[in-house]
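An overview of the molecular structure
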Amino acid sequence: MIDPIQITIGAFAGRVASRAINALLGPENPSLVDNVIENAYHSIEDEQGNTLAIVSDEQCSDIEAFLESKEVGSLIQSWAVLKVAGREYEDLEAPLQCIQEAFVDLATARCGGYENPWNTIAGDLWSLVTQFILAAVPMVKSHIDSEEMAAYFSRFSPGAHILQGGKRPAPRYIRDLVDLFGSVSRLSICRNAVSDIRNAAEDSYRELTLAHAHDEYRVDVDHLYVDRALKRHRSEEQYFQSDFLLSASKSIPRIVVIGDPGAGKSTLVQHTAHRLIESTESETVPILVQCRNYAANSWGVPLTSYIVDGLEVAESIQIEESTIIDALTVGSVYVIFDGVDEIIDLSRRRQFIRQIEAFSRRFPYAPMLATARRVGYARAKFDDQSFQVFELDEFSDEQVFEYVQRWFDITRRDTAEGDAFLRETASIFDIRRNPLMLSLLCTLYRARGYIPRNRRQVYRECSELLFQRWDAMRQIDQPFDHRQYGHRLMQELARFFYTSQSAQGGLEEQQLVQIIAIFFRDTASIDPPEDRVRAAQFVDFCADRAWLLSAKGYNSRGNRLFAFTHRTFMEFYAAECLVRLAQSVDEVTNAIIAAFDADPSSVVPDVMVQAIDDKYDRGAEQVLKKLLGSGRAFSGSHRDKYLSLCLRIVNSSPMSRSVSNSLPEKILGYWQVTYKSVDKSHESSVAFFELYRDPRARMIDAAHRSIEAVESTTSSSISSLDKLFATEVCKRWARFEALRVGSYFEIEWFEALSPVFDDIAIVYARRIVGDEQQLRKDNDSARRGLVRSDDEAIDSTLADYLISTGRIEKRHFNVRAGLYPRLYVPSFSIASPGSLIDTLYDALYSGASTVASHAIHATAWHMDHVAQHRMLLRDASAFNVVLDEAVNYWPQLSASEIADKLGDVTPLWEFLLWVMLVTYEAGEFKTRSVHQRLDGVVGFDNLKLVLHAYDRSSGVETGKIRPAHRTVIGNILSRFGSWATSWALEGASLTVEDNQPNV
């Protein structure tokens, strides 16, 4: 009979597979299954099903003992350390081979006296063990990339820490990792635990819970989730798709995502966790830490202990804390801290952030993600050197449309209803861009068929929908107390949660029952012990059916915790209660100011204003008057926020004629006195153009009257027009148009403002004509329209908008007054392309024949002043920044394609070449993306000859490049004006430094 060992050709297996080796290969490989042969021999198969080895039960037991020996553990440990940090070896394979040979020698020595030795498979056994080490510690090999860390590992071997003398010991995480390398059983337990977590959490993260929509309580996250982009904190340019959060296999994320309430941070977290679990490439599993629960119920407990308890409660998984520590050590756990901002106490929040940072240092290979509200983050933030901060903005219009389409598909509604919803919510686009509010509005629309304009009404409708009507519509019986006292009780509870920081993390059931029992006694005259019985019944109902206040899990003592499902609802009901209990308008106003100061993004101030209008006659109007007076005590952006709040009040509550008539003057006072620059009033400008029909009509009427008033005066000063209400309004609209967001506001604004812009253009043109005539009369040619002023009378963005819309003719352009076409214009906090750049883009994209004649004339005017009057570009570096951004949207064109686009329109050719040359001069004599994208206008090779000629004529070092003959340069630039050849051959500059005098 043939000895089974003699036919063994691969790795080893058997009973050890269930205890060591099969665990080495991991539970994720179901093909590696032991087949028992006559209860005496065992077979191992590879992933293709091929038999690798057959061993006896006795051999399996001996191999298992061999692997667990101290000598083998030391070899495995040494191999792993070399594999991780062997950068100092030129030939790493040599020492690794030595370790393998030592392993084989140990196996041979062990089997020396055996009747059925197994040492012939020792080499395959070693390969199996080392493959497991690499699979069980996926993060480490990719991330030992610093000399210091490599040095720590390189001097590590069994007992080495005793022989280091006075050297600083390696960090704890490296000591733990090296210990793990030497313990196959610990790594096996760790890997099995990670697999258990993955399997248990798969359903939890797959389902997106819509607590505000009963029918769709559980929705596959992939069906409803809209892809999001994250913006690097304090950057307007660096955007990243949210899936980069999954890059744990290539890097070790340390990320904080901040956003406004309801922006979708928790949904993003769930999507990320779901993708991690589903990914076949990721070796990590997500573990979610709800910060408010930890702070409220487990404060002071080690995070690893909290994670162990949470897995047992949420997933029914019992895992030792030491195993979680091992999984964190090898980087198999992606820890997500959701809602850091929900730890209300500032000192505790800061302490918890320091705790997370220490946790990240203790486990440097474990990816970590935290979320927080944008408001208040600066007061308690993570270390910028350790954590990258990204912002999650609200939905774009495209994302709103996608979400609505997905939502209406899930609820099996037709496309026409989705389109109707989008039209009806256009007037509250600021609300619907918030993902949470959009979800609520979709639910409300389905139930009601219309969308209320008033924010308070929206919140009230949503809360009623969630709290009562869903069950009533389904004919589900509701408890008497829920029907009779539900909303009043919600107000009292919300006020308690809103004013109690500790309660916001979750309130124990017994405490909640006590609060409700007191309400029943004091408000509904219900005597003990019935008050407590009914309070307990109410809490039970909330846990099972009511979707505003619901059970959120258990604390460490096993007590059930309750909290509001969404903070928005808590704030809505708290605001209602605060107004109901207030004894005067002054008291409400002070509460509004306090709430607004604490969190401008909160819904509390808006709801309180709208609620007081029901409580007191013209209550909102009284609040508005007091707020307008209080706001003047503040300065800067804080004052702009108060004006924004005041305009929101105007937009939600009717005002008397006297107040409405006084508003334009008060707004003008804020805009002109508070901000010396228009660009500091973005928030109030947005709120202004959100005004609905009636206050909008009042503002438009005031704008017209302000123009009529100045027309009736004898003053001919151009600068006096800058103080008009109409001018201030138009300056702001022009900025929104420059940002390409004017269409976000109601179309009626555009229609109503059009004649205002017409009138302003006429007045400006008349004043300029009169001013120039006076200068001629005074024979003051030096001050006439060709000289630029540092204090231009006309706002540059407004002037450019009047020109771009054809309201100002070329004959009225005036440099001294600031009425001329621009390359770029200020648009609140950023600069946007001006009309000249827009004209060039239109010509390159659609052809010169599509460009309006007044735009061509404006371009010609610009080039005339370049050629005839040596008008030089100031702020050239700023122009390059704007142009670089704009060019990203320009087409890639060859010189011949440009010729087809521009035809024989000389001003466009001249201007395009001027852009090429001025960006080179302003860009430290380097070519930029615009030169490449547009083939240098004259061909990129020809352009390089022209640029080289300029370098020589300007005294710039050109190296050994052979210059082109002047005739060659002249031929290249023959179709352009003499200014171009003067620039190339004479070094005639096209730019001027800001500190030089005007030319």
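Sequence positions are assigned chain by chain, starting from 1 and proceeding in written order. For this predicted model, a pLDDT threshold of at least 70 governs which residues receive local features, and a threshold of 80 or more governs which side-chain atom pairs are given and counted, while totals over whole chains, interfaces and linings are taken from all residues. As a rule here, side-chain values cover all heavy atoms of the structure and leave hydrogens and water aside.

Some remarks on the overall build of the protein chain
Looking only at helices and strands, one finds 43 helices and 17 strands in the protein chain. Exposure classes here rest on a 1.4 Å probe applied to the protein chains alone. A residue is buried below 20% of its type maximum, exposed above 50%, and partly exposed in between. When each of the 999 residues of the protein chain is scored for burial, the buried share is 53%. By definition, residues are in contact when any of their heavy atoms lie within 4.5 Å. Within the protein chain, contacts between residues at least 6 apart in sequence are counted, and of these 71% link residues at least 24 apart. Counting only carbon and sulfur atoms, one obtains 47% of the accessible surface of the protein chain, whose full area is about 44200 Å². Secondary structure elements are taken from DSSP: a helix is a run of H or I of four residues or more, a strand is a run of E of two residues or more, and numbering for both begins at the N terminus. Only the protein chains shown count as cover for residues, with accessible areas throughout obtained via the Shrake-Rupley method and a probe of 1.4 Å.

Structural notes on unusual backbone geometry
Both trends apply: most residues other than glycine have a negative phi, and most peptide bonds are in trans. A cis geometry characterises the amide bond from P528 onward to P529, with omega recorded as -5°. Mapped onto the elements, P529 comes out in the loop between α22 (509–524) and α23 (530–544). The residue F828 is not glycine, and still its phi comes out positive at about 60°. Within the secondary structure, F828 sits in the loop between β16 (824–827) and β17 (830–833). A residue is classified by how much of its surface remains accessible, and F828, at 6% relative accessible area, is buried. Unlike most non-glycine residues, V937 shows phi in positive territory, near 70°. With respect to the element layout, V937 can be found in the loop between α40 (929–933) and α41 (940–953). Taking relative accessible area as the criterion, V937 reaches 3% and is therefore assigned buried.

Quick notes on the confidence of the model for the protein chain
When pLDDT is averaged along the protein chain, the result is 80, and 81% of the positions lie at 70 or above. Averaged pLDDT values over the elements of the protein chain bottom out at 38 in strand β1 (residues 35–37) and peak at 95 in helix α34 (residues 796–804). pLDDT under 50 marks residues 782–791. Its contacts with residues more than four places away, or in other chains, come to 24 contacts. Long-range and interchain partners of residues 995–999, a stretch whose pLDDT sits below 50, account for six contacts in this model, where long-range means more than four residues apart. On a scale of 0 to 100, pLDDT captures the predictor's confidence in every residue.

Observations concerning the packing of helix α39 (residues 906–922) against helix α43 (residues 978–986)
Geometry is summarised by axes, namely lines fitted to C-alpha atoms with helices restricted to the contacting stretch, and by angles between N-to-C directions that run from 0 to 180 degrees. One can describe the packing of α39 onto α43 by two numbers: an axis separation of 11 Å at closest approach and a directional angle of 20°. When the axis of α39 is compared with that of α43, the two are roughly parallel. Where α39 crosses over α43, the handedness of that crossing is left-handed. For the pair formed by α39 and α43, the contact residues are E910, L913, W914, L917, Y920 and E921 on the first element and W979, A980 and W983 on the second. For this classification, Asp, Glu, Lys and Arg are treated as charged, while Ala, Val, Leu, Ile, Met, Phe, Trp, Tyr, Cys and Pro are nonpolar and the rest, including Gly, are polar. Taken together, the residues of the contact of α39 with α43 break down into seven nonpolar, no polar and two charged. Oblique is the label for any angle not covered by the other classes, which are roughly parallel (under 35 degrees), roughly antiparallel (over 145) and roughly perpendicular (65 to 115). Working rule for handedness: look at the near helix, and if it is turned counterclockwise from the far one by less than a right angle, call the crossing left-handed; if clockwise, right-handed.

Here's the deal with the nonpolar core
Only buried residues count toward a nonpolar core, which is a set of Ala, Val, Leu, Ile, Met, Phe, Trp, Tyr and Cys residues joined through side-chain atoms within 4.5 Å. With 155 residues, the main nonpolar core has F421, F564, F688 and W749 as its most contacted residues. Here this core gets nine residues from one element, more than from any other, and that element is helix α33 (residues 747–777). Excluding residues within four positions of it along the chain, F421 makes contact with V404, F408, L438, L441, C442, Y445 and I451. Counting 81 residues, the second largest nonpolar core, distinct from the first, contains V55, V81, L328 and A380.

Observations regarding helix α36 (residues 853–868)
Because an α-helix packs 3.6 residues into every turn, residues spaced three or four apart end up facing the same way. With 16 residues, α36 should reach 22 Å at 1.5 Å per residue; the first-to-last C-alpha distance of 22 Å fits that figure. On its buried side, α36 packs onto α34, α35 (835–846), α39 and α43. Note on α36: the residue one or two positions beyond its end, R870, has a positive phi of about 50°. Given the number of residues in a helix, its expected span is that number minus one, multiplied by 1.5 Å.

Thoughts on the side chain of H271
With respect to the helices and strands, the residue H271 is situated in helix α11 (residues 265–278). Looking at H271, the relative accessible area reads 4%, which means it is buried. Beyond its immediate stretch of four places on either side in the chain, H271 contacts V221, Y225 and D243.

Some remarks on helix α5 (residues 122–136)
An ideal rise of 1.5 Å per residue puts 21 Å on 15 residues; α5 measures up with 21 Å between its terminal C-alpha atoms. Every buried residue of α5 is listed here: A122, L125, W126, L128, V129, T130, F132, I133 and A136.

Digging into the packing of aromatic side chains
Two rings from Phe, Tyr or Trp (for Trp, the six-membered ring) form a pair when their centres sit within 6.5 Å of each other. Planes less than 30 degrees apart are called stacked, planes more than 60 degrees apart edge-to-face, and all others tilted. Summed over the entire model, instances satisfying the criterion amount to 45 aromatic pairs. An angle of 35° between the planes, with centres 5.2 Å apart, marks the rings of Y294 and F352 as tilted. Of the two residues, Y294 sits in helix α12 (residues 291–297) while F352 sits in helix α15 (residues 346–362), which places them 58 residues apart along the sequence. Owing to a relative accessible area of 0%, Y294 belongs among the buried residues under this scheme. Taking relative accessible area as the criterion, F352 reaches 0% and is therefore assigned buried. Centroid distance Y950 to W983: 3.9 Å. Interplanar angle 0°. Geometry classified as stacked. Taken together, the residues Y950 in helix α41 and W983 in helix α43 connect sequence positions 33 residues apart. Across the pair, exposure class does not vary: Y950 and W983 are buried alike. Put simply, the rings of W671, F688, F689, F725, W733, F736, F745, W749 and F828 pair up and form one aromatic cluster.

Regarding the pattern of salt bridges
A carboxyl oxygen of Asp or Glu within 4 Å of a side-chain nitrogen of Lys or Arg is what we treat as a salt bridge. This model, assessed by the stated rule, comprises 35 salt bridges. Where R534 meets D481, a salt bridge forms, and the shortest distance between an N and an O atom there is 2.5 Å. Note that R534 is positioned in helix α23 and D481 in helix α21 (residues 480–499), a separation of 53 residues in sequence. Taking the relative accessible area as the measure of exposure, R534 reaches 16% and is therefore buried. A salt bridge links D586 to K626; the shortest N-O distance between them is 2.7 Å. One end of the pair, D586, is in helix α25 (residues 585–598); the other, K626, is in helix α27 (residues 619–631), and 40 residues separate them in sequence. We classify D586 as partly exposed; its relative accessible area is 42%. A relative accessible area of 33% places K626 in the partly exposed class.

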